[in-house]
Structure formats: structure tokens, C-alpha cells
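Results of the structural survey
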Amino acid sequence: MASLKFWIALLLTWQLAICRTIPEEDKIELTPEQADILASWTEDNKQNIWELSGYFEGDMILAADQRNGLINTKYRWANNEIPYEIDSVFNNAQRQWIIHSLTEYYNKTCVKPRFRTANDVDYVYITGAPTGCHSYVGRRGGRQVLNLQLNTPGVGCFRLGTIVHEFLHALGFYHQQSASERDDYVDIIWQNIQEGKENNFNKYSSNVTTSFGEKYDYDSVMHYSAYAFSKNGERTIITKDPSAEIGQRLGLSDIDAIKLNKMYQCE
């Protein structure tokens, strides 16, 4: 009997582990160097931690046909609600910080993150793997992973604005500097970008992404930092407005909130 209980427990553990992982076709294996950088990341690093996670543009996991996710309504969540479930790997302080971050900053929008119920087939599953901060873009269907590498509340992936940032991806937003009009507002310094990372600075045509009639937002929580993917410690993005700052991780900007309300048709 003891042996049977052991194998049943082992099977349940294995099934649970499978449920917590990203599907193999979507997974990216970190190099040892990338893993070391994530593990040793501090607030002194000029790059945001989510820019280092190894996925598309740093932290986005895309379906094969999803480059027009912002415009295509099939990637939006029903009833302006995004159900989520928090993995048991997080301690109580971390769980409360996630809940606080989502409640505090999405209160200014009509989109409401809420706990998943048994009736929710589509939902975000928040995991804490040592792979940085990353999310699918838009509603994928079924359970979809949003990862926040374990840390002290307020640090790394647990910065308020980083949690908000990853949930904006899950709601259907790309990075601000990929907007079609970005060259009117920023200069990309290509010679400072790490070799092989140039595609992270692609911009999309206006039939792929939309700003919903709002101006380019330097203050967006979705904007890259000035040193994103730098190979030499020099800036990779310079704002045409010399007084503008980019890469804030405090929370939704006013324009972020307006665009989210427009996307979900609840101005």
C-alpha cells in the first residue's frame, strides 16, 4: 500500500510540474550566461530584468500567427476580465504583492484582473521559474503562463511596474518603441545593440499595431529602457525630446490606461 501511495504521489507531482511549464514549442532555453545574468541582476543594472529573459523582444511569447495581436480581437479577453491563478511556489508576501500590483494599477481602467474560478477555461497562470519575466501576448486560449522570477516584493520581476507590464502583454500590447511612428520620437543606435538582437527593435506597420489615436508615449510602462540590449554600456535608444525619460517601471501611464480602455471599448 505504501508503495502504491508513493507512485500515485509521484504521478500527481509529475502532472503538476507539466501543467506549470511552458509548452515545448514555445519554450526558449537560456544559455548559462543568460541564467547567470538573471540570477545576479540588481537594480543597478541599466537594463530592465524583463529585457533579459531570452524571448521575443525580451519577454514576449508569441503564437505563430500573432504578429497582429493588438488589432485582432480574437486575442482579447471576454467581459473585460483577465482571470489569473498564482502558483503555490510563491510565499504569502509575494502573492499579496502580485494582487496589490494588479489591483492598484488596473483600477484606473475598465479591465479587471481577478482570481480564476472553476468556470474559467482561459486564464493566466503566474509561475516563478528562474527564467526572468515573460508573458504571452493577448489571450492564447486555455491556461497560459506569465512568469515572474522569484524575488523580494519590489525587486526584479516583482517591481510593481514590471508586473503591470507583463499583464499588459497578456492583455494584448506590444512594446511602445515598436510603434510605426517611433522614428519621429526616438533614434535607435544600431551600433550599440548586441549582435543578433537587432530584431528586438523592429517596428510594425499601422495595419499590424495601433496606438488607438493616442500620441507616442515616452512614459509608457511598455517602453524599452535607454540601454536595452546594449553590448557596450552605451544607449541603444535616444529620445528626440532631450528632456524625455523612458523605461519607467512604476505602473501604467495615463496614456497606457487610455489605450487599454480603448482596446476593450470602454472609454
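Here the residue numbers are simple positions, counted from 1 along each chain's written sequence. Totals for whole chains, interfaces and linings use every residue, but because this is a predicted model, local features are given only for residues with pLDDT of at least 70 and side-chain atom pairs only at 80 or more, for both listing and counting. For side-chain calculations, the full set of non-hydrogen atoms in the structure is used, while hydrogens and water are omitted.

Another point: the overall build of the protein chain. Strands here are runs of E lasting at least two residues and helices are runs of H or I lasting at least four, both read from the DSSP assignment and numbered beginning at the N terminus. For the protein chain, the helix and strand inventory stands at five helices and eight strands. When the helices and strands of the protein chain are placed in sequence order, the string is α-α-β-β-α-β-β-β-β-α-β-β-α. The burial tally for the protein chain puts 51% of its 267 residues in the buried class. Counting contacts in the protein chain only where the partners sit at least 6 residues apart, residues at least 24 apart contribute 74% of the total. Accessible surface, the protein chain as shown: approximately 12700 Å² in total, 53% of it carbon and sulfur. Throughout this description, buried means an accessible area under 20% of the type-specific maximum (1.4 Å probe, protein chains only), exposed means over 50%, and partly exposed covers the range between. Residue contacts follow a heavy-atom distance rule, with two residues in contact if any of their heavy atoms lie within 4.5 Å. All accessibility values rest on the Shrake-Rupley procedure with a 1.4 Å probe; residue burial counts only the protein chains present in the view.

Moving on: the state of the cysteines. In this description, the term disulfide denotes a pair of cysteine sulfurs within 2.5 Å. Using the criterion set out here, one finds two disulfides in the structure. What pairs with Cys-110 in a disulfide is Cys-266, and their sulfur atoms sit 1.5 Å apart. Of this pair, Cys-110 sits in the loop between helix 3 (92-106) and strand 3 (112-115) while Cys-266 is found in the segment after helix 5 (254-263), placing the two residues 156 residues apart along the sequence. Judged by its relative accessible area of 22%, Cys-110 is partly exposed. Between the sulfur atoms of Cys-133 and its disulfide mate Cys-157 the distance is 2.0 Å. Its S-S torsion of about -90° marks the bond between Cys-133 and Cys-157 as left-handed, since a negative value means left-handed. Placement of the pair is Cys-133 in strand 5 (residues 133-136) and Cys-157 in the loop between strand 6 (143-148) and helix 4 (160-171), with a sequence separation of 24 residues. Residue class for Cys-157 comes out buried when judged on its relative accessible area of 1%.

UniProt positions are given in the numbering used here, feature names are shortened, and annotations may be inferred rather than shown by experiment. Here the UniProt feature "active site" (unreviewed entry) sits at Glu-166. With respect to the helices and strands, Glu-166 occurs in helix 4. A residue is classified by how much of its surface remains accessible, and Glu-166, at 0% relative accessible area, is buried.

Residue position: Tyr-216 is located in the loop between strand 7 (186-188) and strand 8 (237-239). For Tyr-216, a relative accessible area of 4% gives the class buried. Leaving out residues up to four positions away in the same chain, Tyr-216 has contacts with Gln-176, Gln-177, Ala-179, Glu-181, Arg-182, Tyr-185, Val-186 and His-223. Among the polar contacts listed, one links the side chain of Tyr-216 to the side chain of His-223, at a separation of 2.7 Å. Side-chain atoms alone can form a polar contact between residues adjacent in sequence; in general such a contact is a pair of N or O atoms within 3.5 Å, and within protein one must be able to donate a hydrogen while the other accepts it.

The aromatic pairing rule takes the rings of Phe, Tyr and Trp, using the six-membered ring of Trp, and pairs them if the centres are within 6.5 Å, calling planes under 30 degrees apart stacked, those over 60 edge-to-face and the rest tilted. One pass over the full model with this rule turns up 11 aromatic pairs. Plain terms: the ring middles of Tyr-84 and Phe-167 are 5.9 Å apart, the flat faces sit at 85° to each other, and that makes the pair edge-to-face. One end of the pair, Tyr-84, is in strand 2 (residues 81-86); the other, Phe-167, is in helix 4, with 83 residues separating them in the sequence. Classification of Tyr-84 by relative accessible area gives buried; the value is 4%. Classification of Phe-167 as buried rests on a relative accessible area of 0%. When the ring of Phe-173 is compared with that of Phe-212, the centres are 6.3 Å apart and the planes differ by 55°; the resulting orientation is tilted. Remark: Phe-212 occurs in the loop between strand 7 and strand 8 and Phe-173 occurs in the loop between helix 4 and strand 7; sequence separation between them is 39 residues. One aromatic cluster is present, built from ring pairs that chain together Trp-190, Phe-201, Tyr-224 and Phe-229.

It is worth spelling out the pattern of salt bridges at this point. Throughout this description, the term salt bridge denotes a Lys or Arg side-chain nitrogen within 4 Å of a carboxyl oxygen of Asp or Glu. Counted under the stated rule, the structure contains 10 salt bridges. For the salt bridge of Arg-114 with Glu-81, the shortest nitrogen-to-oxygen distance reads 2.9 Å. One end of the pair, Arg-114, is in strand 3; the other, Glu-81, is in strand 2, and 33 residues separate them in sequence. Taking the relative accessible area as the measure of exposure, Glu-81 reaches 28% and is therefore partly exposed. In this structure, a network of salt bridges that share partners links the residues Glu-81, Arg-114 and Asp-120.

What follows covers the pairing of strand 2. Only when DSSP finds a minimum of two bridges between them are two strands counted as paired. In this structure, strand 2 lies alongside strand 3, joined through four bridges in parallel fashion. Counterpart to Ile-82 in the pairing with strand 3 is Pro-113. When the strands point away from the viewer, a crossover counts as right-handed if the path from the first strand over the helix to the second runs clockwise. As a crossover connection, the stretch from strand 2 through helix 3 into strand 3 is right-handed. In this structure, strand 2 lies alongside strand 4 (residues 123-127), joined through three bridges in parallel fashion. When the bridges of strand 4 are listed, Ile-86 appears paired with Ile-126.

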